[in-house]
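Listed here are the chains, written in short residue letters.
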Amino acid sequence: MKEWLMSEDFEDCPPRAEAMIHSLRAFGYDLGMAIADLIDNSIFAGASNIWLSYDWNHGDPWVALLDDGRGMSEARLVEAMRLGTQSPLEERDKTDLGRFGLGLKTASFSQCKLLTVRTRQAGGAPSTRYWDLDHVERTKMWQLGRNPPANIRELLRPLDDLEHGTIVVWKALDRIVDHSITDRHDPRDAFLGRFLAVKTYLEMVFHRYLEKRPKRIKIKIGISECSAWDPFLLRNNFTRELSSERHEDNRVKVVPYVLPHVSNRSVQENEQGGGIKGWNAQQGFYVYRNDRMIVSGGYLDLDLKPEEHYKLARISIDITNDMDHEWSIDVRKAVASPPDRLRNELLRIARATRQKASEIYRARTGARRRGATARATNDVWLKREADGKITYRVNSSNPVLVKLLEEIDAPRGWAKKLFHVLESTVPHRLIIMDGIENEDCHVDLPETLHAPPPGLMDYCREIYLDKLREGRSHEEAVDIVCSIEPFDVHPSYRATLDSFAEGRN
């Protein structure tokens, strides 16, 4: 049994305010993360509208976040401004997006030295409190301010137009404004430009709140309204949802998706689908807590690496907010790690999803219809592996190459020399680099860029007629011919054979 000690055996040992404040500023927030943390509070307060404003203000910039939530009483405001206002071990409302009782303060302190909050409930008087970190460092005391300076009070006025709500104002933005910028770069432009990235980040993190019909919240940044980013391209009919699973007494829901091949995506989907990080880096798991995105891509340290041919694999994981400790959710709500008991299950799901994604990624525009005959030796290039090395050889048995060689009646050994030159000069690295930097730039080219010459179209018809003479039906003959490279890369081959058959009938 634990022996309880008398109170006289202890003495107060509070942290040094001027030292502690610098530690609280070093949690690793970027601007988007910090603003998202403030929006979490607005959502929990029941806000329908959130307005983010900012101004360079002639070199004395400010940022303000206003919401029309239910607001707080004065006593509740003081508690909200207290550092560590609630233990992460305490039971919370199921809709609460917070955990540590630090978010408002640490997020704000990471960007500014003067934090002011003004709030009011319906029918009540407004209440205001502020933290001035220079004052804390100077006095070495945790003294919360009541009446902010006049230039701050002016920025709080937008709350007067609402019946209830809260406004948070940042001033002394020493972490946002880059004072090292040279004369060649305008610090004002740098400051304003950062909010373009913030908008994109918020559209990702809160996309479920933004895309609900009707919308659960509206977020405006300056004069622009945020629109939801769709990480799974759910409006595209070619997106494949694999079997969903539930674990931990329904507290964890996993839904794997395989996104459409590039040929089945619109130009806008190709541009936006890559998200903030790009198509390759956005593959993997997306962890949500109360519909708020915590992790956007990656494989949660599951010993899987992002690969080009898996980039269509994205897996949604929803967890409840009572699992923060088990999933190692950090203060910034930007990192998560699954508990050991779930790692093998998630690894299994990820591998299966990656396999399906690889199959779609490797598909080609001229894919054969279901039931089509196997390709056998119809490819122009054949993959060969030896001693851990991979090479690609020209397939001299390809029917089109056979006909070409017959037509030119080349001297013996000529084709072998030509093929050797082609095989030994394939620009492997350049192809890979181009494919990563520019989404599938080598395949699915516009029809005008790889329109077949008349001679190849003649070969296509000849081989088609050969298959008919073998007793094949039109459908079988077309499927076989259009599985032969290069007849499988342009729709005009199949269209020509269909028209040719109609003309013969």
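It should be emphasised that the depicted structure is a prediction, and the values quoted were computed from it without experimental measurement.

Aromatic ring pairs are defined here through the distance separating the ring centres and the angle between the ring planes. Taken as a whole, this structure holds 12 aromatic pairs when the rule is applied. When the centroid spacing of 6.3 Å and the interplanar angle of 85° are considered together, the rings of F285 and Y299 count as edge-to-face. Taken as a pair, F285 in strand β11 (residues 284-289) and Y299 in the loop between β12 (292-296) and β13 (313-319) lie far apart in primary sequence, 14 residues in all. Grouping residues by exposure puts F285 and Y299 together as buried. Ring-pair connections join several aromatic residues into one group, and the members of that group are Y54, W56, F191 and F195. The cationic tip of R208 hangs over the ring face of Y288; the distance from NZ or CZ to the ring centre is 3.6 Å.

Turning next to the pattern of salt bridges. On inspection of all chains with the given rule, the structure shows 34 salt bridges. A salt bridge links D174 to R25, with the shortest nitrogen-to-oxygen separation between them at 2.7 Å. One end of the pair, D174, is in the loop between β5 (165-171) and α7 (187-205); the other, R25, is in the loop between α1 (17-24) and α2 (31-44), and 149 residues separate them in sequence. Here R25 falls in the buried class, since its relative accessible area comes to 6%. Three or more residues are tied together by salt bridges with common partners; here these are E248, R251, D322, E326 and R341.

With that settled, consider the confidence of the model for the chain. Looking at the chain, the pLDDT average stands at 85 and 87% of residues meet or exceed 70. In this model residues 96-100 is a low-confidence stretch, pLDDT under 50, and it forms 31 contacts with partners more than four residues away in sequence or in other chains. Across residues 364-376, confidence stays below pLDDT 50; counting only partners more than four residues off in sequence or on other chains, it has 22 contacts.

This brings us to the pairing of strand β2 (residues 62-67). Here β2 lies mainly inside the structure; 6 of its 6 residues are buried. Side chains of β2 alternate between two faces, with W62, A64 and L66 and V63, L65 and D67 buried alike. Here strand β1 (residues 49-55) runs beside β2; their pairing, made up of 6 bridges, is antiparallel. Its bridge partner lying in β2, W51 is registered against L66. Hairpin remark: β1 followed by β2, antiparallel, with 6 residues in the connecting loop; positive phi at N57, about 55°. With 5 bridges connecting them, β2 and β5 associate as antiparallel partners. By the bridge assignment, L66 is partnered in β5 with I167.

What follows covers the environment of S73. Checked against the element boundaries, S73 lands in the loop between β2 and α3 (74-81). Considering only alpha carbons, one finds S73 and A125, 52 residues apart in sequence, at a separation of 8.7 Å.

It is worth spelling out the packing of helix α11 (residues 399-408) against helix α14 (residues 454-469) at this point. Remark: α11 packs on α14, axes separated minimally by 11 Å, with the N-to-C direction vectors making an angle of 110°. With respect to α14, the element α11 is oriented roughly perpendicular. As for how α11 packs across α14, the hand of that crossing is right-handed. Contacts between α11 and α14 involve P399, V400, K403, L404 and E407 from the former and L456, Y459, E462, I463 and D466 from the latter. Looking at the contact of α11 with α14 residue by residue, the class counts come to 6 nonpolar, no polar and 4 charged.

Turning our attention to the nonpolar core. Counting 67 residues, the largest nonpolar core has I35, I39, L115, W170, L202, F206 and I219 as the members making the most contacts within it. No other element matches the 8 residues that α2 contributes to this core. When neighbours within four sequence positions are excluded, L115 is seen to be in contact with M81, L104, K105, S108, F109, R129, Y130, W131, V168, V169 and W170.

Here we come to unusual backbone geometry. Of note, the bond from E485 into P486 is cis; its omega dihedral lies within 30 degrees of zero at 5°. On the secondary structure map, P486 appears in the loop between α15 (474-481) and α16 (491-504). The backbone of K140 sits at a positive phi, close to 60°, despite the residue not being glycine. Positionally, K140 belongs in the loop between α5 (133-139) and α6 (150-155).

A few words on the side chain of N236. Topologically, N236 is positioned in the loop between β7 (224-225) and β8 (240-241). Side-chain polar atoms of N236 contact the backbone nitrogen of F238, separated by 2.7 Å. Here N236 is in contact with P260, N264, R265 and E269, once residues within four sequence places are set aside.

Read from one edge to the other, the open sheet built from 7 strands follows the order β4-β3-β5-β2-β1-β6-β7, with strand pairing classed as mixed. Since the sheet does not close on itself, it has two edges, and those belong to β4 (127-132) and β7, each with one partner. Bridge analysis of strand β6 (residues 218-221) against β7 gives 2 bridges, and the strand direction is antiparallel. Along β7, the bridge assignment pairs K220 with E225. Here α3 sits on the sheet in contact with β3 (114-120) and β4, set at roughly 20° to β4.

About the thresholds
- Residues numbered from 1 in each chain as written.
- Predicted model: local features only at pLDDT ≥ 70, side-chain atom pairs only at ≥ 80, totals over all residues.
- Heavy atoms only, no water.
- Phe/Tyr/Trp six-rings, centres within 6.5 Å; stacked < 30°, edge-to-face > 60°.
- Helix = DSSP H or I, 4+ residues; strand = E, 2+ residues; numbered from the N terminus.
- Buried < 20%, exposed > 50% of the residue type's maximum accessible area, 1.4 Å probe, protein only.
- Lys NZ or Arg CZ within 6 Å of the ring centre and 35° of its normal.
- Salt bridge = Lys/Arg side-chain N within 4 Å of Asp/Glu carboxyl O.
- pLDDT = per-residue confidence, 0-100.
- Contact = heavy atoms within 4.5 Å.
- Pairing = 2+ DSSP bridges.
- Axes fitted to C-alpha atoms, helices over the stretch in contact; angles between N-to-C directions.
- Parallel < 35°, antiparallel > 145°, perpendicular 65-115°, else oblique.
- Left-handed = near helix turned anticlockwise from the far one by under 90°.
- Nonpolar A, V, L, I, M, F, W, Y, C, P; charged D, E, K, R; others polar.
- Core = buried A, V, L, I, M, F, W, Y, C linked by side-chain atoms within 4.5 Å.
- Polar contact = N/O pair within 3.5 Å; in protein donor to acceptor, adjacent residues only side chain to side chain.

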